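So the chains spell out like this:
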Amino acid sequence: MPSVRKIGAAAGLALAGLASLAGLAATAVRRPLPRVSGRLKLPGLAEPVQVLRDRWGVPHIYAASARDLFMAQGYVHAQDRLWQMELQRRTGHGRLAELFGEIALDTDRFVRVMGFARVARREIGTLGDEARQQVEAYVAGVNAYIEQNRKRLPIEFTILRARPELWQPIDVVVWGKMMAQNLARGWITEALRAQLVAAVGPERAAALEPEYLAGHPLTLPRGMRYSRDLAAGALRVAGATSRFIGSGELGQGSNAWVVGGARSASGKPLLANDPHLMLQMPSVWYENHLSGGDYHVTGVSLPGTPGVVIGHNERIAWGITNGENDVQDLFVERFDPADPARYQFRGEWLAAEIVREEIVVKGRAAPHVEEVRITRHGPIISALMPADGSQPPSASGGAPADGQPAANEQLALRWTALEPGQTLDAALMLNRARDWAEFRAALARWTSPTLNFVYADVAGHFGYAFAGHMPLRAQGDGRLPSPGWTGEHEWTGLIPADELPRALDPAEGFVVTANNRIIGDDYPYPMPSEYLPGYRAARITQLIEQTERHDARSFGRIQGDQRSLPGLELAALAGRLPAETPLARAARDALAGWDGELTADSLAGAIYARLREHLLAQSYAEVAGPLARTAGLGAFAGLLGETYLWRALPLLLARLAARDDAWLPAGRSGDDLLSDAWDATLADLRAELGEQVSEWRYGRLHTLTLRHPLSAVPALARLFNRGPFAIGGDADTVRMGFAPRHYAAQPSYTAPSYRQICDVGHWDASQSILPSGQSGQPGSRHYADLVQPYLKMQYHPMPWSRTRVEDATVARLMLVPE
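What counts, and at which threshold
Residues numbered from 1 in each chain as written. Predicted model: local features only at pLDDT ≥ 70, side-chain atom pairs only at ≥ 80, totals over all residues. Heavy atoms only, no water. Helix = DSSP H or I, 4+ residues; strand = E, 2+ residues; numbered from the N terminus. Buried < 20%, exposed > 50% of the residue type's maximum accessible area, 1.4 Å probe, protein only. Areas by Shrake-Rupley, 256 points an atom, 1.4 Å probe, with all protein chains shown as cover. Pairing = 2+ DSSP bridges. Axes fitted to C-alpha atoms, helices over the stretch in contact; angles between N-to-C directions. Contact = heavy atoms within 4.5 Å. 1 Å grid on protein atoms, 1.4 Å probe; cavity = no way out; pocket = protein on both sides within 12 Å on 5 of 7 lines; lining within 4 Å. Points joined across faces, edges and corners; volume = space filled by probe spheres on them. Nonpolar A, V, L, I, M, F, W, Y, C, P; charged D, E, K, R; others polar. Phe/Tyr/Trp six-rings, centres within 6.5 Å; stacked < 30°, edge-to-face > 60°. Lys NZ or Arg CZ within 6 Å of the ring centre and 35° of its normal. Core = buried A, V, L, I, M, F, W, Y, C linked by side-chain atoms within 4.5 Å. Polar contact = N/O pair within 3.5 Å; in protein donor to acceptor, adjacent residues only side chain to side chain. Expected span 1.5 Å × (residues − 1). Bend = angle between axes of the 7 residues up to and from the residue. Parallel < 35°, antiparallel > 145°, perpendicular 65-115°, else oblique. Salt bridge = Lys/Arg side-chain N within 4 Å of Asp/Glu carboxyl O.

In this section: the overall build of the chain. Assigned secondary structure in the chain consists of 25 helices and 32 strands. Classification of the 818 residues of the chain by burial places 63% in the buried group. About 28,000 Å² of surface is accessible on the chain, with carbon and sulfur atoms providing 50% of the total.

Printed below as a string of structure tokens:
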């Protein structure tokens, strides 16, 4: 679901209208909520369907057939999350400006150029018969709710004076493309890396590269030069889009692990997962338990799509993390100066496909027209320029390359998600999989995003499998934009599905995946990736090995662990920090004696957080310009260097510990970096937290507010938002909590968007938690009832057997045929 800055202003809500908004806020809590008890007619059902809601607001849906089951799921999703679903599909289709006006235009332009709806329309044709039937049933359920409740819509529709259109199957598919966008960061990193090369040269850029390894040089593709302006226009508009659909530079990651029976108290595998996404109101996920036809599955779903994404069925359990793989490549296309619809490829001129996209903009008499050029590599994204009419930068900084005017060079994006796939088929197959073979058969059809899956089954097996299309390249590794006109850097195919990384019942007795490196150098296929630091994976491994046999309690302790491994590494360097004043000595002593627990009340944690930040800034000061580039327009601006610096931390700490100064500019040493960063840290903390070191606390710097898209208006923020809450953790702790200090628009907070622990030996003992609640309606008791349990690292049961479901039931709804 989007995270939006000043969206209230975009909707035309001026300060003068706050009194009426306050009135709306007051009536919202009294607005009739969807019926969850009694009998309701659902046109199209073949047989009655029972919907039993438990005390946590989770629906348990029992149907006689799969078609009736998914129709009921669509109806129930719409009951609790219709506004969220509306906003998501408008985002995926590039239709936000219809509601929010000019401020959303650049986002719509980006989405239309990318062509998520165009791809989704083609993907509908690739769906298998069963998946198509389930999607159609789901959509029918959503539409039935809309038709029955046009006068009882969620409060957001009233505020925006909007009415939902009836759903189509394409609306389901397009949100899957948006989720792939949320988890992708390849092209942005590729363009940013090109700017670093332009700023300091390839050798220096290689020395600064966060994942630079000996034997893997950062090599320029033949025939290419890079300027500081390369991709700048596309980056600006990508930043605008990130405010709605998320950005790959916002610290997203996940944890998942599984232990075999030899390491569990029950003698059966135990599996845990906590996917990390931007937290919001309502949650991106929706818990449901589905039983009908050959489906019996429970866990979290995505409102707007059928089935379960993370969870378990009668036979298997699974969890996911982002693969962090590079499945996006930028190609520099050369267009004909006399005919911009033609581009060069292997000495010939080819005709680009031209798509005319009309975007309706609230407040405009005529729609905005976006002409999209599409080459054999994908859509031209550098053509995106700010809506103020300024010109996009050239791909070569204005200098001719091989005699070709730079103005004729434009960036095209090749990306696996922009090609029709079968991920929805795969997800529904996964919901019904009964063993490892069927699990892997489902994943073989998974297209995007690339994901790591952990697995466990009732027969006692456990394992890991990678899923998603991984391109094979004729040359290079895709880390920098490549010439599109030569044909030398084309994708030549995909890594075969049956040769993607996997492991069943590994001898170690457990599997851990936390966005860390997947495979070693002995893997036979190139698998370029932008892996995140391995601290979380290392800490999870430590905690698994420290306990002989695990249960849900020990897994819960692991999910709640806040020990910072890089914090301990940095604390070990405290003796090299200058301490010329009593305050500096007190701060240095606190850091040196720190146990690494990054809790909200940690004194040393506050020192570490600021020192980490300033140390990275000092180390990369020579490329501060590219790294601090503001992407986005006006209120939607964002910073793109955040993840790059995050990934740089392990190598930086290792170099400092080893007193390796060879990588630094002439005249600089590691001690210089530490000293300068320390001075800046103390100045910051004195200004932020005062002169008394004993009163410094991490939680005063690090807070969580659960924000709703309309909460930029103060009167609505009080209704929709929850927080702020002082909270511990950071990007590298198992209990992840990433709150960037610097941002150009709306503050964000990335953390576990769902926690799940599956006990394969006793499904009724499984447990889970969302950060907010099940309902998207602020008048519901389930809008925010899980906030405090989530903050306290508590869980609720996942009732599975009918007996346990009945015990937990507080509301019964019977959906009956018309």
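With that settled, consider the sheet that holds strand β15 (residues 378-379). On the basis of which strands lie adjacent, the open sheet formed by 3 strands has the order β13-β14-β15 and antiparallel pairing. Pairing within the sheet leaves two strands with one partner each, and these edge strands are β13 (353-359) and β15. When strand β14 (residues 368-375) meets β15, the two strands line up antiparallel, connected through 2 bridges. Bridging from a neighbouring strand, Ile 374 pairs with Pro 379 of β15.

Right, let's talk about the sheet that holds strand β9 (residues 316-322) for a bit. Read across the open sheet, the 11 strands follow the order β1-β32-β2-β3-β6-β7-β8-β9-β17-β18-β22; overall the sheet is mixed. Where the open sheet ends on each side, the last strands, each with one partner, are β1 (38-41) and β22 (502-504). Here the average twist between neighbouring strands, direction ignored, is 20°. The pairing of strand β3 (residues 59-62) with strand β6 (residues 286-292) spans 3 bridges and is parallel. Of the residues in β6, the one forming a bridge with Tyr 62 is Ser 291. Those strands touched by helix α14 (residues 436-443) are β9, β17 (451-457), β18 (462-467) and β22, and its axis lies near 15° from that of β18.

With that settled, the discussion passes to the pairing of strand β23 (residues 510-513). Two faces make up the sheet, and in a regular strand the side chains alternate between them. The alternating pattern of β23 places Phe 510 and Val 512 on one face and Val 511 and Thr 513 on the opposite face, and all of these are buried. In terms of strand pairing, strand β4 (residues 253-259) meets β23 through 4 bridges, oriented antiparallel. Paired with Ala 256 across the two strands is Thr 513, which belongs to β23.

Moving on, we come to empty space enclosed by the protein. Over the atoms rolls a probe the size of a water molecule, and its path tells where empty space is left. Throughout the structure, instances matching the rule amount to 13 cavities of 30 Å³ or more. If you trace the largest cavity, you find 31 residues lining it, with Met 179, Leu 302, Thr 423, Trp 446 and Pro 449 closest to the centre. Of all the secondary structure elements, the ones that give two or more residues to the lining of the largest cavity are α9 (169-183), β4, β5 (270-278), β9 and α13 (423-432). Of the residues forming the lining of the largest cavity, the biggest block, 6 residues, is contributed by α9. When the residues that make up the lining of the largest cavity are grouped by side-chain class, the tally is 18 nonpolar, 11 polar and 2 charged. In this model, the second largest cavity occupies a volume close to 160 Å³. Forming the walls of the second largest cavity are 16 residues, and the residues nearest its centre are Leu 183, Ala 184, Asn 325, Val 327 and Thr 450. Taken together, the residues of the lining of the second largest cavity break down into 6 nonpolar, 7 polar and 3 charged.

We now examine the packing of aromatic side chains. Going through the model one piece at a time under the given rule, you end up with 15 aromatic pairs. A ring pair is formed by Phe 116 and Trp 415, whose centres lie 6.0 Å apart and whose planes are at 85°; its orientation type is edge-to-face. Placement of the pair is Phe 116 in helix α6 (residues 116-124) and Trp 415 in strand β16 (residues 409-415), with a sequence separation of 299 residues. Summarising the burial analysis for this pair, Phe 116 and Trp 415 share the class buried. Here Trp 436 and Phe 439 contribute two aromatic rings whose centre-to-centre distance is 5.6 Å and whose plane-to-plane angle is 35°, an arrangement assigned as tilted. Taken together, the residues span about one helical turn, with Trp 436 and Phe 439 both in helix α14 at a distance of 3 residues. Here the two residues Trp 436 and Phe 439 agree in accessibility, since each one is buried. Feature note: the residues Trp 436, Phe 439, Trp 446, Phe 453 and Tyr 455 constitute an aromatic cluster, connected by ring pairs. Arg 334 extends its terminal NZ or CZ atom over the ring of Trp 485, reaching a point 3.6 Å from the ring centre.

Okay, unusual backbone geometry next. Here the amide bond leading from Ser 448 into Pro 449 is cis, since omega sits at -5°, within 30 degrees of zero. Along the chain, the position of Pro 449 falls in the loop between α14 and β17. Along the chain, Gly 723 connects to Pro 724 via a cis peptide bond; the corresponding omega equals 10°. With respect to the secondary-structure elements, Pro 724 resides in strand β27 (residues 722-726). One non-glycine residue with positive phi stands out, namely Arg 161, at about 55°. Tracing the backbone shows Arg 161 in the loop between α8 (155-160) and α9. Of the residues examined, Arg 161 reaches a relative accessible area of 72% and is grouped as exposed. Even without being glycine, Arg 659 reaches a positive phi, approximately 55°.

By size, the foremost hydrophobic cluster in this structure holds 177 residues, and its most contacted members are Trp 285, Trp 415, Phe 439, Phe 453 and Leu 815. If we ignore the near neighbours within four places in the chain, the residues touching Trp 415 are Phe 116, Ala 180, Gln 181, Ala 184, Val 327, Gln 328 and Trp 491. With 46 residues, the next largest nonpolar core counts Leu 577, Leu 649, Leu 653 and Val 693 among its residues.

Secondary-structure assignment places Thr 681 in helix α22 (residues 670-689). A polar atom in the side chain of Thr 681 sits 3.4 Å from the backbone nitrogen of Leu 611. Ignoring sequence-local partners within four residues, the contact set of Thr 681 consists of Ile 607, Arg 610, Leu 611 and His 614.

With that settled, the discussion passes to helix α21 (residues 642-657). Taking 1.5 Å as the rise per residue, α21 with 16 residues should run 22 Å; its terminal C-alpha atoms sit 23 Å apart, in good agreement. Bending of α21 peaks at approximately 40° at the position of Leu 649, with proline Pro 650 no more than four residues after it. Here α21 has its buried residues at Thr 643, Tyr 644, Trp 646, Arg 647, Ala 648, Leu 649, Leu 652, Leu 653, Arg 655 and Leu 656. Of the residues trailing α21, Arg 659 is marked for its positive phi of about 55°.

Here helix α19 (residues 603-619) crosses α21 at 85°, and the two axes come no closer than 10 Å. In this view, α19 runs roughly perpendicular relative to α21, as classed from their interaxial angle. Taken together, the residues of α21 that come into contact with α19 (itself represented by Tyr 608, Arg 612, Leu 615, Leu 616 and Ser 619) are Leu 645, Trp 646, Ala 648, Leu 649, Leu 652 and Leu 656. Grouping the amino acids of the contact of α19 with α21 by side-chain chemistry returns 9 nonpolar, 1 polar and 1 charged.

Glancing now at the pattern of salt bridges. Scanning the entire structure with this criterion turns up 46 salt bridges. Where Arg 95 meets Glu 165, a salt bridge forms, and the shortest distance between an N and an O atom there is 2.8 Å. Residue Arg 95 is found in the loop between α3 (66-93) and α4 (97-100), and its partner Glu 165 is found in the loop between α8 and α9; the two are separated by 70 residues along the sequence. When its relative accessible area of 22% is taken as the criterion, Arg 95 is described as partly exposed. Arg 473 serves as the salt-bridge partner of Asp 326, at 4.0 Å between the closest nitrogen and oxygen. In this pair, Asp 326 sits in the loop between β9 and β10 (328-336) while Arg 473 sits in strand β19 (residues 471-473), placing the two residues 147 residues apart along the sequence. Exposure remark for Asp 326: the relative accessible area of 3% places this residue in the buried category.

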